[in-house]
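Observations on chain architecture
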Amino acid sequence: MADLSDDELLAELGVAIEKPKARTYTPREERIIAGFEDVVRFYDEHGRAPQHGEERDIFERLYAVRLDRLRELDECRVLLAPLDTHGLLNTPEAAMPVDNIDDDALLAELGIAVDPAADDIRVLRHVPSADERRAAEEIANREKCENFTAFKPLFEQVERDLDSGVRVTRPFVRDAGFLKADITKGQFFILGGQIAYVAEVGDPIRAPNGETDARLKVVYSNATESNLLLRSLQRALYKDDAGRRITEPEAGPLFAATTEEGDLESGTIYVLRSNSDHPTIAEHRDLIHKIGVTGGSIEARISNAAKDATYLLAGVEIVASYNLFNINRSKLEALIHRVFAPAQVDLTIRDRFGNPVKPREWFLVPLAVIDAAVEKIRDGSIVNYRYDPAQATLVEA
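Residues numbered from 1 in each chain as written. Predicted model: local features only at pLDDT ≥ 70, side-chain atom pairs only at ≥ 80, totals over all residues. Heavy atoms only, no water.

**Looking at the overall build of the protein chain**
Within the protein chain, the secondary structure is distributed over 12 helices and 17 strands. Within the protein chain, the fraction of its 397 residues that count as buried is 41%. Considering only contacts within the protein chain whose residues lie at least 6 apart along the sequence, 63% involve residues at least 24 apart. Of the roughly 22,300 Å² of accessible surface on the protein chain, a fraction of 49% belongs to carbon and sulfur atoms. (Helix = DSSP H or I, 4+ residues; strand = E, 2+ residues; numbered from the N terminus. Buried < 20%, exposed > 50% of the residue type's maximum accessible area, 1.4 Å probe, protein only. Contact = heavy atoms within 4.5 Å. Areas by Shrake-Rupley, 256 points an atom, 1.4 Å probe, with all protein chains shown as cover.)

**Side note on the pairing of strand β8 (residues 224–229)**
Burial analysis of β8 places five of its six residues in the buried class, the great majority of the element. The pairing of strand β7 (residues 215–220) with β8 spans five bridges and is antiparallel. Note on β8: the bridge partner recorded for lysine 217 is asparagine 227. Between β7 and β8, which pair antiparallel and follow one another directly, the connecting turn spans three residues, one of which, alanine 223, has a positive phi of 70 degrees. (Pairing = 2+ DSSP bridges.)

**Remarks on the pattern of salt bridges**
In total, this model carries nine salt bridges according to the counting rule given. For aspartate 346, the salt bridge identified is with lysine 358, shortest N-O distance 2.6 Å. One end of the pair, aspartate 346, is in the loop between α11 (329–339) and β13 (349–350); the other, lysine 358, is in the loop between β14 (356–357) and β15 (362–364), and 12 residues separate them in sequence. The exposed category is assigned to aspartate 346, whose relative accessible area is 65%. Residue lysine 358 is classed as partly exposed on the basis of its relative accessible area of 36%. Several salt bridges converge on common partners, so that one network encompasses Asp38, Arg41 and Arg66. (Salt bridge = Lys/Arg side-chain N within 4 Å of Asp/Glu carboxyl O.)

**Examining the confidence of the model for the protein chain**
Counting all residues, the mean pLDDT for the protein chain is 76, and 72% of those residues have values of 70 or more. The least confident element of the protein chain is helix α6 (residues 130–139), whose mean pLDDT is 48; the most confident is β15, at 93. This model gives residues 106–126 a pLDDT under 50, and the stretch forms 43 contacts once residues within four places in sequence are excluded. When the criterion is pLDDT under 50, residues 175–180 qualifies, and its contacts beyond four places in sequence or with other chains add up to 14 contacts. (pLDDT = per-residue confidence, 0-100.)

**Overview of unusual backbone geometry**
Phi is positive for alanine 223, close to 70 degrees, though the residue is something other than glycine. Turning to its location among the elements, alanine 223 is positioned in the loop between β7 and β8. You will see that leucine 312, though not glycine, has its phi angle at about 65 degrees, which is positive. What makes leucine 312 buried here is its relative accessible area of 6%.

**Points about helix α2 (residues 27–46)**
Compared with the 28 Å implied by 1.5 Å per residue over 20 residues, the 29 Å span of α2 between its first and last C-alpha is a close match. Of the positions making up α2, those classed as buried are Glu29, Ile32, Ile33, Gly35, Phe36, Asp38, Val39, Val40 and Phe42. Among the residues trailing α2, glycine 47 stands out with phi positive, at a value near 75 degrees. (Expected span 1.5 Å × (residues − 1).)

Structure, rendered in structure tokens:
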């Protein structure tokens, strides 16, 4: 007879085997267990229980407060006994000074809001998730920047540069040619909707994972500052869908005949000449140009020009075009129109329904001057110029 196991023998005898039921926990018990597991992981990583003290890492202080509370409550000691492989609940660190701060205050230091309406279970009311803990380190504590007046002109200049196209924003991505994830002193970024300026970079330090890191002083356009790690700033920029690197003024031309590796094509600036028989247009046909920017095909954009009052209800001729890379199209178009505003054609025509329309993008300006304006946009000097109709040239503003 083949050897049978105990369960099989009992089954042969007709004895029902009752399998132990898996224990279920209340939401409160699950939070207590999750919080204690954080403490156990700390012990596994550091070989000791978390300790109090202002010189300690804020998470260690939080775990120390948490462990004290767990030791005080008999129900928690019973619940956690099977998990307490290190005897943490039975060996209080009596020799260590105790923080005069509770876990809510510690969480507030981490920027984690406390909900007073939540169930008061006295223990671990607000256990931060792993993502919350990482976010706390990446954002760090932002404080008021006491000497913000020294940095304010820098932010104002960057905003002007972005408006004029002298600087552009580029995605902060990994391994994309010149779009490197490097961070150095003096660089500007957009993080969390604020412009961030790297004011200081500390000495290199070795991170636990072996990578080189450094402590940064970052000043934000809302007059706050923070001291966070370089790698933390990188991760925050990676995770922020709207996170961007702001280029240096000399980062390259806004327009180019050919692209470079990593360039992001944004569209085309076009210059059109009208075939309208309107007396004003007919008289100055070689000088009146429509200047615009499109993200698609110029041909597709003008395909219905004869039916569109914007194009003077007539066919048009493309006389010049320039490719755009890494630039905000609407801001560039506004910049060009502002430069040539003194030469805007004051013209009113009737649309197909007889309604008066005043097209806004037609300018009495020679094509050579438009070319000159593009060159000045390339080198960033266009902000210092305006068009003078009397001289038919660009002059310093």
